[in-house]
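Residues per chain are reported as follows:
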Number of protein chains: 4
Amino acid sequence: MNSFGTLLRIHIFGESHGPSVGITIDGCPAGIPVPQADFLPDLERRKGGMQKGTTPRKEDDLPIFISGVFNERTTGAPLTMLFENNNTRSTDYDKLRSVPRPGHADFTASQKFGGYEDFRGGGHFSGRLTVCLVAAGIIAKKIMQVASGKISCVATIKEIGGEPDTEKGLQKAIDAKDSVGGIVECVTKNLPAGLGEPFFHSAESLISQLAFAIPAIKGIEFGAGFAAAKMFGTEHNDALLDASGTTATNHAGGIVGGITNGNDLIFRVAVKPTSSTPKEQQTYNLDTDKIEAFSVKGRHDLCIALRVPVILEAVTALVLADLLLLEQKVPRITQ
Amino acid sequence: MNSFGTLLRIHIFGESHGPSVGITIDGCPAGIPVPQADFLPDLERRKGGMQKGTTPRKEDDLPIFISGVFNERTTGAPLTMLFENNNTRSTDYDKLRSVPRPGHADFTASQKFGGYEDFRGGGHFSGRLTVCLVAAGIIAKKIMQVASGKISCVATIKEIGGEPDTEKGLQKAIDAKDSVGGIVECVTKNLPAGLGEPFFHSAESLISQLAFAIPAIKGIEFGAGFAAAKMFGTEHNDALLDASGTTATNHAGGIVGGITNGNDLIFRVAVKPTSSTPKEQQTYNLDTDKIEAFSVKGRHDLCIALRVPVILEAVTALVLADLLLLEQKVPRITQ
Amino acid sequence: MNSFGTLLRIHIFGESHGPSVGITIDGCPAGIPVPQADFLPDLERRKGGMQKGTTPRKEDDLPIFISGVFNERTTGAPLTMLFENNNTRSTDYDKLRSVPRPGHADFTASQKFGGYEDFRGGGHFSGRLTVCLVAAGIIAKKIMQVASGKISCVATIKEIGGEPDTEKGLQKAIDAKDSVGGIVECVTKNLPAGLGEPFFHSAESLISQLAFAIPAIKGIEFGAGFAAAKMFGTEHNDALLDASGTTATNHAGGIVGGITNGNDLIFRVAVKPTSSTPKEQQTYNLDTDKIEAFSVKGRHDLCIALRVPVILEAVTALVLADLLLLEQKVPRITQ
Amino acid sequence: MNSFGTLLRIHIFGESHGPSVGITIDGCPAGIPVPQADFLPDLERRKGGMQKGTTPRKEDDLPIFISGVFNERTTGAPLTMLFENNNTRSTDYDKLRSVPRPGHADFTASQKFGGYEDFRGGGHFSGRLTVCLVAAGIIAKKIMQVASGKISCVATIKEIGGEPDTEKGLQKAIDAKDSVGGIVECVTKNLPAGLGEPFFHSAESLISQLAFAIPAIKGIEFGAGFAAAKMFGTEHNDALLDASGTTATNHAGGIVGGITNGNDLIFRVAVKPTSSTPKEQQTYNLDTDKIEAFSVKGRHDLCIALRVPVILEAVTALVLADLLLLEQKVPRITQ
């Protein structure tokens, strides 16, 4: 179940404190150039240590290609990338076994896997694995470029702690010595009309499926989204202006009937505050059978939303590259 | 791509003005009683003609079992149900070919299927097909009962046109002679902890995938949802109170790390206003190459959100029944 | 699990003595002409009543299109076809409940489905459902034609009861008042090279998966097949003669490394004798707890292999149409 | 497409001359002990260098666990294993680019992947990847043991070069300085009845799908197999002797209607002679545009069938473990 996609299929694996995390991309077209250098900009954007509000943990996140790449190009065989976990301190986490951290998957993972889960640093549930999504997303973006050089996919932070001025929202959290949530918006331009399917594989269905794979996402809305629930039909409907599908407004967010209409594809996600907050919290101790005070000592982001844009772009690109392949919009590359 | 599910798999088919719409449920456990009478209450809830704001079109929506049922019980073989389309007036729709209706899939369907789509009444994109989802949902609810008689799944309207007083919201639309949107909330109680998977098959991922299969849904949020984006970590985190997973609050909506934690599973969806509104609109005429006034003559709901609760319960039950089967929580029935 | 395919997906349903059997084809390209008349030749080939050795049961096997067809062309939405079961005599089968027929699925179905299976006439396991495969195969053959008008797929009987002279083999069975097995060969010409995947979706893997879905098939071999096991490498290897892939011999049966090489794709299947034989047999009576004599009274084929060729073509076409779609060899049709 | 399975899903990757080959097992139950030592016996059986007729190439085939294992037990998260490729000589293969080796995937891979495939040593098509199947099979065998300690799965060589005396068959090849084919039989004992599905996921369908994933397999037959095609119905039918499903004979090979009946599950595969034979062959040179003499210099098995038994057990176990999970026959392990 750690897989996604119809033609472009990803399989994610790894734990926060295992030797590596990784991802296999199966169904990747042959002939796409994938020099390591092309991975750096997005991987840097995801990294901590660069901005106020993210953790100082530093990782050398270069993908190690295990398969599917030859002479710096994709071969068409499954492409597996690893990212080594060099910078972990297991001792930060060992005692947490008996103290499930609020907001984390410690309790649910233990219920699901009968106590055999790798609990160190959140294990397989760790945000660390999003490095794999970003790397796969870089390849997906390249596939989108093969379909059309005009397509772009850009996500930005719209709000932190309820403040459109993100600096101000972040400062609020720093002042409160607490973590804080935020809102991220993703806009994809110049997509062809016709991507997505009527029901269970609607563009919204697939994007939301992958968006909720990102830890900390708790809501998603397309176009006008929740605001649409307050509107009248004549306000909300996007009037068609010409035969190419241009509309006067874009309340639909570029998707009608589950299918892209050629307008900008726009959606926003709600990111909850980082579960690990420096402030003291209460939780239940499974050993002592008592509720006790608890505070996080490790290195953690104050605002996980700051890392989300590049991950959100990645999952969007993974969905859209698959849909472009399904509509035969990605021409074959041959030598 | 008109399929969903891992162990409990549904395949939907049909068009608004074809002979029937239908659904196949594959992987349904054998031995579940499915008398036709058990389908009536939920199918009635979905029907128009019963309340202010829904269309007077009446349908005799009894499922016709084609396969998978023997002596009124499921056999374990694929269960196919048809619903006949007796009450259609194609002439309402025929001239719309050249006038894509704003908010409808007319334009995107034509782009996707090269002009070969059955455009009558929205064809395969019609809300008519939700009768199949509701019927499949009834069987999914029965599977949940086999897992535990305590599980319940109930959706209710929380807002119409921005008004928590739904009567008032509806009257606003009637007065404006326009359609209007709304918000629906779904609560599932007494689920076991451990349902869902870490990433792409998280409980949120699967529920949102299916929720966006319902026409007119444009947003979804779990627990605190978009409000979480404005919260601090210590506000949002649900403190664990005992070894069974009880928490002081339920901001997570019953899902942590993609996996149910035993709390109430709570989410809300935003429903856009019905695209077909009695008020005059503008659209582009593909034949005359001109923008022209346009008004809908057919029978349509003022507020499609009124029909959504039972459909939302159905898709929630379809996801959860599948997850219960995956966790081996549904005991086999034998003669 | 009653589904097959990646881009062209089939979902089969129905029982021998239910109202209808049927199949849904999802992912069928839009715009393919499917007049009912085009289904008759292959459906006739499958029918009994036409040749020595097949049952006199006659069925009017016209497909009833429920969805996915508009103006006699595919729409791109799921295409569901039903075949009514008009000509059944349930009384032939009712008493068989306690007497599992040797060679039939009566015992295994009961074990699997806890006794809730529809046991009449073999239920979901009945050869009756192969009418759905043949009909889906006709559409698959049409998709192959869109890819290239030169592709042909023809299956023929090579042996009955060990006799290459099939008349003679059949007469042996008639004389013995017993049923008899046979061998059927399928040859597909003018396929492009490059269809199939290295491992689990090799052309052999997929064809054999579907071939064993045909009741009574117990073996399959590609090219030289079992004879290859007795050969030396220099005998077996097909020497390449030119840049287009022509080879001096075709011991590989047109598939190397799981992928078509442009040669004729050739394979053979072993068909066991019809399980229902007019001759008296022994079986166990679950009610009396005794072994008892048993003889089949219903209408049954002496040699089920006679019906297999058209079914084998159908499943081959279903696999190959899917592979052609995966390699983007089927151009889109637009109005 | 390099994936297989419904609940127990495998994803294979890697190339003969890349850094590693590997496999991810997703859906593996938590709590299964997987000490490295348990992998050695089967991995040794697969290795060359041990018996007449296999290549002297030696590999230290110890699995490196990247994920899904913690304290020597499975965690329930995806389990990824790598096998390093330490012992490769790329120079053996480089010049083969222009000389497609008869019987190998060189030509078809190039056609499929547009010339971008990693052609060194057969790349992703190499028999080297079967080490991954064997390792995954070891875990599948452990899952079968959790279901029942009585289940056993053993494959043996039945014939080499047409000789039941395998020493004699092998000597024939050595004398001829040629490679040679063989037949391998796999027997699984003490399976429960009820595994497999009626059509596309019949036990035969799934086993054959995976068996043909093994390079060099060109035929498969279950029970009486091709011999059944020559039999009468009363000869072939297995008479039921008691309520537990015991039969007087086992011509069906333990599968009726696609579903296991509790008898020994028996099948045989035909293995073609190793494509790389020391004897001189002819092939086409894409550079010179001429047919030329060609002989293999590298290290290769005379009879690849000698390595097949342990691989065949592995793929059989992978299918059956998945089917046992589907029938809820594998109890959960909890701490």
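A short tour of the structure in this document, coming up. Source: prediction; values computed, not measured.

A look at the interface of chain A and chain B
Here comes step 1: Opposite the 102 residues of chain A that make contact, chain B presents 102 residues.
Here comes step 2: Summing both sides of the interface, chain A and chain B together bury roughly 7,900 Å²; the carbon and sulfur share of this comes to 67%.
Here comes step 3: Put simply, chain A and chain B have eight salt bridges between them.
Here comes step 4: For Glu 197 of chain B, the salt bridge identified is with Lys 112 of chain A, shortest N-O distance 3.5 Å.
Here comes step 5: Joining chain A to chain B, the criterion identifies 42 residue pairs in polar contact (both at pLDDT 80 or more).
Here comes step 6: Among the residues making up the side of chain A that touches chain B, the classes are represented as 48 nonpolar, 38 polar and 16 charged.
Here comes step 7: Both strand E10 (residues 217–222) of chain A and strand E10 (residues 217–222) of chain B contribute to a ladder of three bridges, which runs antiparallel.

Some remarks on the packing of aromatic side chains
Here comes step 1: Here the structure, examined in full by the defined rule, presents 26 aromatic pairs over all chains.
Here comes step 2: With a centroid separation of 6.2 Å and an interplanar angle of 55°, the aromatic rings of Phe 4 of chain C and Phe 200 of chain D are classed as tilted. Taken together, the residues Phe 4 of chain C in strand E1 (residues 3–4) and Phe 200 of chain D in the loop between strand E9 (182–189) and helix H5 (203–211) connect one chain to another. A single burial state applies to Phe 4 of chain C and to Phe 200 of chain D, both of which are buried.
Here comes step 3: Aromatic ring contacts, followed pair by pair, group Phe 4 of chain A together with Phe 199 and Phe 200 of chain B into a single cluster.
Here comes step 4: Sitting over the ring of Phe 113 of chain C, Lys 112 of chain C keeps its end group 6.0 Å from the ring centre.

Considerations on the pattern of salt bridges
Here comes step 1: Summed over all chains, the structure comprises 88 salt bridges over all chains.
Here comes step 2: Between Glu 159 of chain A and Lys 230 of chain B there is a salt bridge, and its shortest N-O distance comes to 3.0 Å. Of the two residues, Glu 159 of chain A sits in strand E8 (residues 152–160) while Lys 230 of chain B sits in the loop between E10 and helix H6 (233–236), which places them in two different chains.
Here comes step 3: Glu 159 of chain A sits in the buried class, given a relative accessible area of 16%.
Here comes step 4: A relative accessible area of 47% means that Lys 230 of chain B is categorised as partly exposed.
Here comes step 5: Across the pair Asp 26 of chain B and Arg 9 of chain B runs a salt bridge whose closest N-O atoms are separated by 3.7 Å. You can see Asp 26 of chain B sitting in strand E3 (residues 20–26) and its partner Arg 9 of chain B sitting in strand E2 (residues 9–14), a full 17 residues away along the chain.
Here comes step 6: On the basis of relative accessibility, which here comes to 10%, the residue Arg 9 of chain B falls in the buried class.

Focus: the side chain of Asp 42 of chain D
All names here are of chain D.
Here comes step 1: Inspection of the secondary structure assignment puts Asp 42 in helix H1 (residues 40–46).
Here comes step 2: For Asp 42, a relative accessible area of 12% corresponds to the buried category.
Here comes step 3: Here Asp 42 is in contact with Val 134, Ile 138, Lys 141 and Val 310, once residues within four sequence places are set aside.

Brief notes about the relation of the copies chain A and chain B
Here comes step 1: Superposition of chain A onto chain B requires a rotation of 180° combined with a translation of 0.0 Å along the rotation axis, giving an RMSD of 0.0 Å. Both copies of the chain, as the preceding transformation shows, are related through a two-fold rotation axis.

Examining the nonpolar core
Here comes step 1: In terms of nonpolar packing, the biggest core is built from 313 residues, with Leu 312 of chain A, Leu 312 of chain B, Leu 312 of chain C together with Leu 312 of chain D touching the most fellow members.
Here comes step 2: With near-sequence residues (within four places) excluded, Leu 312 of chain D lies in contact with Ala 155, Val 184, Cys 186, Ala 211, Ile 214, Phe 267 and Val 269 of chain D.

Some points on the packing of helix H5 (residues 203–211) of chain C against H5 of chain D
Here comes step 1: Orientation of H5 of chain C relative to H5 of chain D, taken along the N-to-C sense of each, is 170°, at an axis distance of 8 Å. With respect to each other, H5 of chain C and H5 of chain D are oriented roughly antiparallel. Taken together, the residues of H5 of chain D that come into contact with H5 of chain C (itself represented by Ser 205, Leu 206, Ser 208 and Gln 209 of chain C) are Ser 205, Leu 206, Ser 208 and Gln 209 of chain D.
Here comes step 2: In the contact of H5 of chain C with H5 of chain D, the residues fall into two nonpolar, six polar and no charged.

Some points on the packing of helix H3 (residues 130–147) of chain D against helix H7 (residues 308–326) of chain D
Residues and elements named next belong to chain D.
Here comes step 1: At a closest axis distance of 7 Å, the pairing of H3 and H7 adopts a crossing angle of 45°. If you check the angle between H3 and H7, you find them oblique. Between H3 and H7 the crossing geometry is left-handed. Each of Thr 130, Leu 133, Val 134, Ala 136, Gly 137, Ala 140, Lys 141, Ile 143, Met 144 and Ala 147 in H3 lies in contact with H7, whose residues at this interface are Val 310, Ile 311, Glu 313, Ala 314, Val 315, Ala 317, Leu 318, Leu 320, Ala 321 and Leu 324.
Here comes step 2: Residues that form the contact of H3 with H7 fall into these classes: 16 nonpolar, two polar and two charged.

So, the interface of chain D and chain B
Here comes step 1: On the side of chain B, eight residues touch chain D, which itself brings nine residues to the contact.
Here comes step 2: The junction of chain D with chain B conceals about 670 Å² of combined surface from both sides, 45% of it contributed by carbon and sulfur atoms.
Here comes step 3: On the chain D side of the interface with chain B, the three residues burying the most area are Leu 7, Gln 328 and Arg 332 of chain D, jointly 62% of the side's total.
Here comes step 4: At the boundary of chain D with chain B, the tally comes to zero residue pairs in polar contact (both at pLDDT 80 or more).
Here comes step 5: Broken down by class, the residue content of the side of chain D that touches chain B amounts to four nonpolar, two polar and three charged.

With respect to the sheet that holds strand E7 (residues 79–84) of chain C
All names here are of chain C.
Here comes step 1: With antiparallel pairing, five strands are arranged side by side in an open sheet as E1-E2-E3-E7-E4. Sheet topology places E1 and strand E4 (64–67) at the edges, where each strand pairs with a single neighbour.
Here comes step 2: Bridging between E1 and strand E2 (residues 9–14) involves two bridges; their strand directions are antiparallel. What sits directly across from Ser 3, in E2, is His 11.

Section: the pairing of strand E15 (residues 290–294) of chain B
All names here are of chain B.
Here comes step 1: As paired strands, strand E14 (residues 281–285) and E15 are joined by five bridges and run antiparallel to one another. From the neighbouring strand, Tyr 284 faces E15, where its bridge partner is Ile 291.
Here comes step 2: Between the antiparallel neighbours E14 and E15 lie four residues, among them Asp 289 with a positive phi of about 65°.

Brief notes about the relation of the copies chain D and chain B
Here comes step 1: In the superposition of chain D on chain B (RMSD 0.0 Å, axial shift 0.0 Å), the rotation amounts to 180°.
Here comes step 2: The residues that chain D uses at the interface reappear at the interface of chain B in 89% of cases, marking a shared surface.

Some words on the side chain of Asp 178 of chain C
Here comes step 1: Along the chain, Asp 178 of chain C turns up in the loop between helix H4 (166–176) and strand E9 (182–189).
Here comes step 2: Nearest to the buried, unbridged Asp 178 of chain C among oppositely charged side chains is Lys 279 of chain C, at 4.4 Å.
Here comes step 3: A polar atom in the side chain of Asp 178 of chain C sits 2.7 Å from the side chain of Thr 277 of chain C.
Here comes step 4: When near neighbours in sequence (up to four residues on either side) are disregarded, Asp 178 of chain C contacts Ala 173, Thr 277, Pro 278, Lys 279 and Leu 302 of chain C together with Phe 232, Gly 233 and Thr 234 of chain D.

Definitions and limits used
- Residues numbered from 1 in each chain as written.
- Chains lettered and ligands numbered in written order.
- Predicted model: local features only at pLDDT ≥ 70, side-chain atom pairs only at ≥ 80, totals over all residues.
- Heavy atoms only, no water.
- Contact = heavy atoms within 4.5 Å.
- Buried area = accessible area lost by both parts, 1.4 Å probe.
- Salt bridge = Lys/Arg side-chain N within 4 Å of Asp/Glu carboxyl O.
- Polar contact = N/O pair within 3.5 Å; in protein donor to acceptor, adjacent residues only side chain to side chain.
- Nonpolar A, V, L, I, M, F, W, Y, C, P; charged D, E, K, R; others polar.
- Pairing = 2+ DSSP bridges.
- Helix = DSSP H or I, 4+ residues; strand = E, 2+ residues; numbered from the N terminus.
- Phe/Tyr/Trp six-rings, centres within 6.5 Å; stacked < 30°, edge-to-face > 60°.
- Buried < 20%, exposed > 50% of the residue type's maximum accessible area, 1.4 Å probe, protein only.
- Lys NZ or Arg CZ within 6 Å of the ring centre and 35° of its normal.
- Least-squares fit on C-alpha atoms with pLDDT ≥ 70 in both.
- Core = buried A, V, L, I, M, F, W, Y, C linked by side-chain atoms within 4.5 Å.
- Axes fitted to C-alpha atoms, helices over the stretch in contact; angles between N-to-C directions.
- Parallel < 35°, antiparallel > 145°, perpendicular 65-115°, else oblique.
- Left-handed = near helix turned anticlockwise from the far one by under 90°.
- Lys, Arg positive; Asp, Glu negative; His and termini not counted.

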